[in-house]
There are 2 protein chains.
Amino acid sequence: MKPAKVVILGAGYGGVVTAIRLQKLIRSGEMTITLVNKHDYHYMTTHLHMPAAGTDHHENARVAIRDLIDERKIQFVKSTVQQILPTDKKVVLTDDTLSYDYLVVGLGSETETFGIPGLREHAMSIHSINSVRFIRQHTQYMFAKYKMNPQHKEYLTFVVGGAGFTGTEFVGELADRIPVLCRTYDVDPALVQIINVEASPTALPPGLPNDLVEYGMEVMRRKGVQYKLSTAIQACEADGVRLSDGQFIRAGTIIWSGGVRGNALLQQAGFDVQRGRVKVDDYLRSWQYPDVFITGDCSIVMSPEGTPYPANAQIAVQQGYNTARNLLYTLRGKPLRPFAYDYKGTVASLGRGEAVGTLKVKKVKGKFAALIKKMIDARYLFLIGGIPLIWKKMIFKQKMSNRNFHVRS
Amino acid sequence: MKPAKVVILGAGYGGVVTAIRLQKLIRSGEMTITLVNKHDYHYMTTHLHMPAAGTDHHENARVAIRDLIDERKIQFVKSTVQQILPTDKKVVLTDDTLSYDYLVVGLGSETETFGIPGLREHAMSIHSINSVRFIRQHTQYMFAKYKMNPQHKEYLTFVVGGAGFTGTEFVGELADRIPVLCRTYDVDPALVQIINVEASPTALPPGLPNDLVEYGMEVMRRKGVQYKLSTAIQACEADGVRLSDGQFIRAGTIIWSGGVRGNALLQQAGFDVQRGRVKVDDYLRSWQYPDVFITGDCSIVMSPEGTPYPANAQIAVQQGYNTARNLLYTLRGKPLRPFAYDYKGTVASLGRGEAVGTLKVKKVKGKFAALIKKMIDARYLFLIGGIPLIWKKMIFKQKMSNRNFHVRS
């Protein structure tokens, strides 16, 4: 029998975990595995708020794919997916076309702008190594530019749209970073404004108990963060944002963290989507094309209560485990195992040494929560790369990030 | 007798050295000294090419003025000069007006654009801590921006107009910096272009012997620098420069180092100027107002051959010595001492470990020249701040520049 051709699109949480589990579990000759990704590295999306703000180096948020996979078992193709052809069982890349027997789609998310005019053109978002490197540089550039044009106080105003998980974690880091930038650029910290705009009436990740929200907002306010709640961004322009309360905030930096949607390739391929995401069956497969597994931000998994689970790293990792197993069971003719999400909790960082969250039903906050947050990061690194990766990215990170650079900030 | 009121405008080489020499030599009650500067630091213009390129930190190119002067002897005023009124013997500052008996003008230079359209708006220049911090950030920003928009290859093109002293030293550092930036931003070094455009037929500081020019250009070419000699910039636009050979070079970064002129305040004050600079008498005083001494880039000193000496740090420092002495001799009724420039030579850095120049009549190049260059820097630091300043800015500099910064590049 010819080995089955498995193609995995995207080396995010879902794709990488699927690949790593498969390489561990497959028997010789059972399948060929091809992993396609547009970069030659995997990045930890949950860590991107730090390099975006400049409080950690982007090298600590990524791992070379060749350090994760066994190239005797998985062929890695660095390319960009142009088109998925599920009826032909083919995938068109920039420079090649692959055919598959089974496909795993883990192509991640795109920014959801909700049609707000100007957002795509003028706002930055925290979604990749490239984008966070850009945000960090943009932030520093604004300080340098302000010193050349001190009449432009708006260069020192930072508007973050969205006070959910990503927005909150980024704002916490940015507030920590501002005093350092002020010293580096000889800027009076009183001139810097961080304004977090949120359409819903509360800040911080949805679902957090009220007392934790209050605790978290107090932590953030002490760092100098201003909140504008129950306020929507109505339009984004090159020099600022127009809010639903009629105010126009002039700002040199506009970050949008107000929402994501699934990768547009799925809709283009004819999958039924809701905000670009595909509702999957119990085994994480497309209802239309059962030979296509869909993981992470591209998928919608319904809870037993009938509401979709929020897309995050935690669920994507578990989906990777399940997908790898069910791919093997499919080939081996065993009954598939339905996906059951084991929700362990959520912890949002609020900057250095502060976090809030819930673990199962326990609330955590402060330094303890920050420690838990670090343990969650470490657990993931262990899972994909073992102790050496924890060592490299967390313990040795100070050294790592110093290595290649002459000059700072 | 009331002490004479001496006001020194500008804490550049000329102003700072005048101040430091005066505070050493004056007798109690002889004069009051006020030093006016728009920043609370003095910077070493000859060192600015390094922080501009990002190969050294700007903290190593400046010294707090309070670390240089004795505040019991010199009053430091941080303010910007708005107007000099030499007939009224007054100086108007942003927030005060000072009257003087003797004035020392060391207000430095401005960029000379020679009327080239667009240069003022679109080109950056290496002339202050603020401007070099901006250039460094702009350079990094271009790399980050390119990664977000890889179709814009021009973001990786750097045009430097002027291949004289400043242009050459900057280009040498920039070429050293590029490989580091390419690693940090995952950019193929082959995509980066550094183009040094010069209207005259040779690059490198004027007056350098031909063999040294050839040596220097060869060093630079090996680093990837492209020269366009006998080529003038005819116009500068937001996205590039138009050259006299008809070519338009699209470039994300345009640095102009093609010329400087004296501070415009002198012409506005009614001084006879040539390119903003005042031809001074044998004692460095204005012919029109003998109570006004003029040093550094604001002054023109004629050589015995009847040609003006080039303005540089070396002559400004010597002018500071002479001015301090002649101010005291004036008050003490002694005959003044004419200024005699002791030209010690010029060494231009070509990046790490490489330099070319002449010392008196001896040619130097390579590592030896680079060492001499370091000694020249050290000598100046010793002169203004003694061993502690050499220690702080040159020996401890690695530590210094690491201190305040989380993250690099």
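In this report, the structure presented in the accompanying data block is examined. (Residues numbered from 1 in each chain as written. Chains lettered and ligands numbered in written order. Predicted model: local features only at pLDDT ≥ 70, side-chain atom pairs only at ≥ 80, totals over all residues. Heavy atoms only, no water.)

1. Description of the sheet that holds strand β22 (residues 345-349) of chain B
Residue and element names in this part refer to chain B.
(1) Moving on: If you trace the 3 strands from one edge of the open sheet to the other, you get β22-β23-β24, paired in antiparallel fashion. The open sheet has two edge strands with one neighbour each: β22 and β24 (362-365). On average, each strand axis in the sheet is tilted by 10° relative to the strand beside it, whichever way the strands run.
(2) Moving on: Bridge analysis of β22 against strand β23 (residues 355-359) gives 5 bridges, and the strand direction is antiparallel. Its bridge partner lying in β23, Val347 is registered against Gly357.
(3) Moving on: Most of the contacts of helix α6 (residues 210-222) go to β23, to which it runs at about 160°, and overall it touches β23 and β24. (Pairing = 2+ DSSP bridges. Helix = DSSP H or I, 4+ residues; strand = E, 2+ residues; numbered from the N terminus. Axes fitted to C-alpha atoms, helices over the stretch in contact; angles between N-to-C directions. Contact = heavy atoms within 4.5 Å.)

2. Let's talk about a nonpolar patch on the surface
Residues and elements named next belong to chain A.
(1) Moving on: Together, Phe368, Leu371 and Met375 line one region of the surface with nonpolar side chains, adding up to about 310 Å² of accessible area.
(2) Moving on: In this structure, Leu371 sits in helix α9 (residues 366-395).
(3) Moving on: Judged by its relative accessible area of 49%, Leu371 is partly exposed. (Patch = residues over 30% accessible without salt bridge, like charges linked within 9 Å, V, L, I, M, F, W, Y side chains within 5 Å. Areas by Shrake-Rupley, 256 points an atom, 1.4 Å probe, with all protein chains shown as cover. Salt bridge = Lys/Arg side-chain N within 4 Å of Asp/Glu carboxyl O. Buried < 20%, exposed > 50% of the residue type's maximum accessible area, 1.4 Å probe, protein only.)

3. Considering the packing of aromatic side chains
(1) Moving on: One pass over the structure, following the stated rule, counts 17 aromatic pairs over all chains.
(2) Moving on: With a centroid separation of 4.3 Å and 20° between ring planes, the pair formed by Tyr141 of chain A and Tyr141 of chain B is classed as stacked. Placement of Tyr141 of chain A in helix α4 (residues 129-148) and of Tyr141 of chain B in helix α4 (residues 129-148) is noted, with the two residues assigned to different chains.
(3) Moving on: The exposure class assigned to Tyr141 of chain A is buried, which follows from its relative accessible area of 7%.
(4) Moving on: With a centroid separation of 5.3 Å and an interplanar angle of 70°, the aromatic rings of Phe271 of chain A and Tyr289 of chain A are classed as edge-to-face. Pair noted here: Phe271 of chain A is in the loop between α7 (264-268) and β19 (278-279) and Tyr289 of chain A is in the loop between β19 and β20 (292-294), with a separation of 18 residues, a long-range link. One exposure class covers both Phe271 of chain A and Tyr289 of chain A, and it is buried.
(5) Moving on: Taken together, Phe134 and Tyr141 of chain A together with Phe134 and Tyr141 of chain B form an aromatic cluster joined through their ring pairs.
(6) Moving on: Directly above the aromatic system of Tyr41 of chain A lies the positively charged group of Arg62 of chain A, at a separation of 4.6 Å from the ring centroid. (Phe/Tyr/Trp six-rings, centres within 6.5 Å; stacked < 30°, edge-to-face > 60°. Lys NZ or Arg CZ within 6 Å of the ring centre and 35° of its normal.)

4. Overview of unusual backbone geometry
(1) Moving on: In this model, Asp186 of chain A sits at a positive phi of 55°, which is unusual for a non-glycine residue.
(2) Moving on: Along the chain, the position of Asp186 of chain A falls in the loop between α5 (165-185) and β12 (193-197).
(3) Moving on: Positive phi, normally seen in glycine, also occurs at Lys89 of chain B, with a value near 55°.
(4) Moving on: Among the structural elements, Lys89 of chain B can be located in the loop between β6 (81-85) and β7 (90-93).

5. Notes on the sheet that holds strand β16 (residues 248-250) of chain A
All names here are of chain A.
(1) Moving on: If you walk across this open sheet you meet the 3 strands as β14-β15-β16, and the pairing is antiparallel. Looking at which strands have only one partner, the edges of the open sheet turn out to be β14 (233-237) and β16. The mean inter-strand angle of the sheet, taken between neighbouring strand axes irrespective of direction, is 20°.
(2) Moving on: Where strand β15 (residues 240-243) meets β16, 3 bridges bridge the pair, whose relative direction is antiparallel. Across the sheet, Gly240 pairs through a bridge with Arg250, a residue of β16.

6. Some remarks on the environment of Leu25 of chain B
(1) Moving on: Its place among the elements puts Leu25 of chain B in helix α1 (residues 13-25).
(2) Moving on: Between the alpha carbons of Leu25 of chain B and Thr157 of chain B there is a distance of 51 Å; along the sequence they are 132 residues apart.

7. Things to note about the pattern of salt bridges
(1) Moving on: For the structure shown, the criterion picks out 40 salt bridges over all chains.
(2) Moving on: Glu71 of chain A serves as the salt-bridge partner of Arg66 of chain A, at 2.2 Å between the closest nitrogen and oxygen.
(3) Moving on: The partly exposed category is assigned to Arg66 of chain A, whose relative accessible area is 47%.
(4) Moving on: The exposure class of Glu71 of chain A is partly exposed, given its relative accessible area of 44%.
(5) Moving on: Taken together, the shared-partner salt bridges connect Glu59, Arg62 and Arg133 of chain A together with Asp186 of chain B into one network.

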